[in-house]
Amino acid sequence: MDVLSRRFFSYAFACLALIITATVGNNLSAKEGDPQDAAPVKIEPVKIASVTHISESVTLAELSNGLTIIVQENHVAPVATVRCFVKNTGSVYEGKNLGAGISHVLEHVVAGGTTTKRPEKEISKIIDSFGGASNAFTSNEMTVFYIDCPKKNAPSAIELVADMMQHVAFEPKEFERELKVVRRELADDEIDRSHAIWDLSAQTIYQEHPVRHPVIGYLDVLNKTTNQTIIDFYHSRYVPNNQLFVVVGDVKTNDVLDLVLKNFAGTRRADETYVPLAEEPEQVSPREAYREMDGATCDFVFAWPTVKLSQKDMYALDVAAYILGEGESSRLVRNLRYDKQLALAISTTSETPSYVRGFFAVTGVCHPEKYQDVVAEIQSEIKRLQTELVAPTELAKAKTQKASELIFGRQTVEQAALSLGRNFLTTGDPLFDEKYAENVQKVTAEEVRDVALRYLAPSKQNRIAIFPPGKSPKLASQSSQSGESDIKFVTLPNKVRVLVKRQSNLPLVNIQIATLGGATADTEATAGRASLFASMLDQGTPDRGARQIAEYFDSIGGQFSTTGGRFSVLASATVLKKDFDEASKLFADCVLHPTFPQAEFDKMRDLALGAVARRADEPMEEASEFFYTHLPAGSPYRVLQGGTEKSLKSLTVKDLQDYHRRFFVPQNMIVTIFGDIDPDAAIKQATALFGGMHADPQFTPPQLPKTNPIPQDIIERKEIGKATGLVMLGYSTPSIYEAKDYAAMTLLDTITSGYSYPSGWLHNELRGEGLVYFVHALQVTGPTPGYFAVISQTQPEKVDEVVSRIRKNIEKAKRGDISEEEFRLAVQTVTALHAQENVTIESQARQAALDELYGLGYEYDRSFDKRIESIKREDVAAAAKKYLTRSVLTTLAPKVEK
């Protein structure tokens, strides 16, 4: 594995994100023929642009100003409801005002407030006169206003709602009154358990997405928000093309369309609203959040991230929710509430919004002393759902319940209007409920078990609870043995080296195995063998196939990964503490007894060939490949880690078996176990798993060259079809064993182009002058000396100038033209960012394993800061002068027409 790998690629992505694409707009300056000199443009009146009859009773229409209208005729009773849905006005869409609760404030101010047509009291009197009910609500994604009334008053209701949506006057006294009401709500929410548990849940389940913030916002943020900001928000969002007008009841469709058109005819289309939302990162480990509030009981939520509304798994998850905890005869309700009387209330829900992945939740209330028993029973029922197929009768019951829920949920005109509006805004189909019901009926028992396995994994569980004062349990990270230990090193009788370390801040355990070999054990003819070998380690054992292995680690929420690097092959598994015993046995079986099934080999080789083909599609990949293949003959870096089409096609299962037989022997193996473990117990586990291996008396470790010279300057050019220019320039650099020189070159790397983040001479000069899209220096090195390389992407016609500029900066380094400030900042940057590199138990274990494997010692990384800080400014110049002499230059660009 190259020393450069992780740091370079994180840097590359950061730099690529900075690429600016220039666009040239039209010249809009005044010239001859200005609009004031032209004939006035005729403004077309607002009209009905389209009408679509969705069903016998439902019609979808759109006005030319963008207002969407849905009408459903329902003549069962002489009533009607009028609703207007305002899109992009919920809490997640508040953009720069996130956390202020502006959408919710507007709900209060707009609903029934004074408009430019009539005062608040007159509006209230009109609604009261026909016995109507008027209200509004705000959610994460929309605000909805409505008036329910007798059918004869539907025209008045349409006019009143339309007036609110366009002509709010923002009368100061009303504004201040409603702000006081909202502030009171915010204060009340602080002592309301139902609000507190869901706010705490949202902030635990979601770490980045704005849905983690409450709809009502935060008092501190609201207090800093001006009235004008709220008014501006109204004018930007309360526009026809951002609204959906729904009328349901004993009405005639054409009359409704005419009335809505009449009431919106004076408002033109406005700018479209687009608010980008942050992507929520994948959850990879369990989370807990506890709070104490006055009261005698415990409120709890157990939740797992799932899918968005558009994804097929939603249907099986919804059925699973019904089976577990919806209805009096559901499993959790029957078991915990009635049979064992552990919970005072319990239910399940599967929430699937359209704007973010949803969650599957078990919610309930219990006495504090019964909380742990409730936890155990819920976990038991989840496990049962993951391992047993639901009986046909129970599955049919859940489907029937779901179908009935949809029907019962549309009995009234109010319910029907809400269903039509929400369906349209989230799916584009007002009658989505009908398709939803059809898909629910297709769910199989196997699909229910599958989604339970994939989504309800322990590693993705969020456990949230509110307890009475003094009754909350300790967090898992506090309840396990505290602190961390030093690395404990033992060598088993068969020469397997074992490193163990207790790190108990989370109930996770990582086990790894590292072996010398990798791409340096291959030739150009067998390039890609080590990488392909690594990818096959979890594809079959004598007892389990590839799918069974994957399903097992998925079922426990574990992670299994393999890496075929340049100098080593590694395998790693991270699991919850409770699963470690069983998971470590399967992990050991995978790395010690892989079967390399031919069918899986063919699949993995095809994927590797696909990766080779894709190199030509990625400029940086293509530049790197061209550089490596033109290194001096005999250089260990010349062998491409991913292989070539020719070398991969020549590989066979026997090649992988031979690789395993040669390199996976006790003398060549480091085993690490880091995490929430007892070190002595971990050593016993490692002994049980790997102590029975027989040492190979014939084994000799891979012999790595101690030098890697560039005998003479090499310059290679390649014509490509892409409209871009690529440069890669490499000089000799020391191996990791030449500690002082390696540290000096690390600082030079930082001075010239930054360490993990773009900065330094090359970045500031070449990016600053717009010569390149990307430029970075890096050390491609390891146990054998490698290359100090500079890679850049630029415009084809600027390739030569970029090369010249890079070489100029290389000469500057060799002269020692490094200021004291530049040098000091480089030392600070390297030590600060290095401290942030190995922060997980997996990365810490990998660093220790590789350092031990390469003969540096498992604690070598502890001296990193000391080695960097011991370097002087003149050491950097001396190293530059020593290594930056002959070079390999490769460039790629389209053919330049002369």
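Definitions and limits used
Residues numbered from 1 in each chain as written. Predicted model: local features only at pLDDT ≥ 70, side-chain atom pairs only at ≥ 80, totals over all residues. Heavy atoms only, no water. Helix = DSSP H or I, 4+ residues; strand = E, 2+ residues; numbered from the N terminus. Buried < 20%, exposed > 50% of the residue type's maximum accessible area, 1.4 Å probe, protein only. Contact = heavy atoms within 4.5 Å. Phe/Tyr/Trp six-rings, centres within 6.5 Å; stacked < 30°, edge-to-face > 60°. Pairing = 2+ DSSP bridges. Axes fitted to C-alpha atoms, helices over the stretch in contact; angles between N-to-C directions.

Participant: Can you tell me about the environment of Q559, naming the residues and giving the values?
Facilitator: Of note, Q559 is situated in strand β16 (residues 559-564). Judged by relative accessible area, which is 38%, Q559 ranks as partly exposed. Note: C-alpha distance between Q559 and S459 (100 residues apart in sequence) is 9.6 Å. Q559 has contacts with V284, S572, A573 and T574, leaving out every residue within four places of it along the chain.

Participant: Pulling in residues and values, what's your account of the packing of aromatic side chains?
Facilitator: Applying the stated criterion across every chain, the model contains 28 aromatic pairs. Judged by centre distance (6.3 Å) and plane angle (65°), the ring pair of W304 and F360 falls under edge-to-face. Pair noted here: W304 is in strand β9 (residues 298-305) and F360 is in strand β11 (residues 359-366), with a separation of 56 residues, a long-range link. This pair shows no difference in class: W304 is buried, exactly as F360 is. Ring centres of F553 and F560 lie 5.2 Å apart, and the angle between their planes is 75°; this geometry places the pair in the edge-to-face category. Each member of the pair, F553 as well as F560, is classed as buried.

Participant: Quick one: what's the story with the sheet that holds strand β21 (residues 772-780), residue by residue and with numbers?
Facilitator: Picture the strands of a sheet paired through backbone hydrogen bonds; they go either parallel or antiparallel. On the basis of which strands lie adjacent, the open sheet formed by five strands has the order β19-β23-β20-β22-β21 and mixed pairing. In the strand order of this sheet, the two ends are held by β19 (714-719) and β21, each with one partner. Put simply, the sheet's adjacent strands are angled 10° from each other on average, direction ignored. Sheet topology places strand β20 (residues 725-733) next to strand β23 (residues 887-893); six bridges connect them, and they run antiparallel. Paired with L726 across the strands is L892, a residue of β23. Across the sheet, helix α22 (residues 619-629) touches β19, β20, β21, β22 (786-794) and β23, and the angle it forms with β23 is around 140°. Relative to β21, helix α26 (residues 739-753) is tilted by about 175°, and along the sheet it contacts β20, β21 and β22.

Participant: Which residues make up the environment of Q657, and what values do they have?
Facilitator: On the secondary structure map, Q657 appears in helix α24 (residues 653-663). Looking at Q657, the relative accessible area reads 32%, which means it is partly exposed.

Structural measurements only, silent on function.
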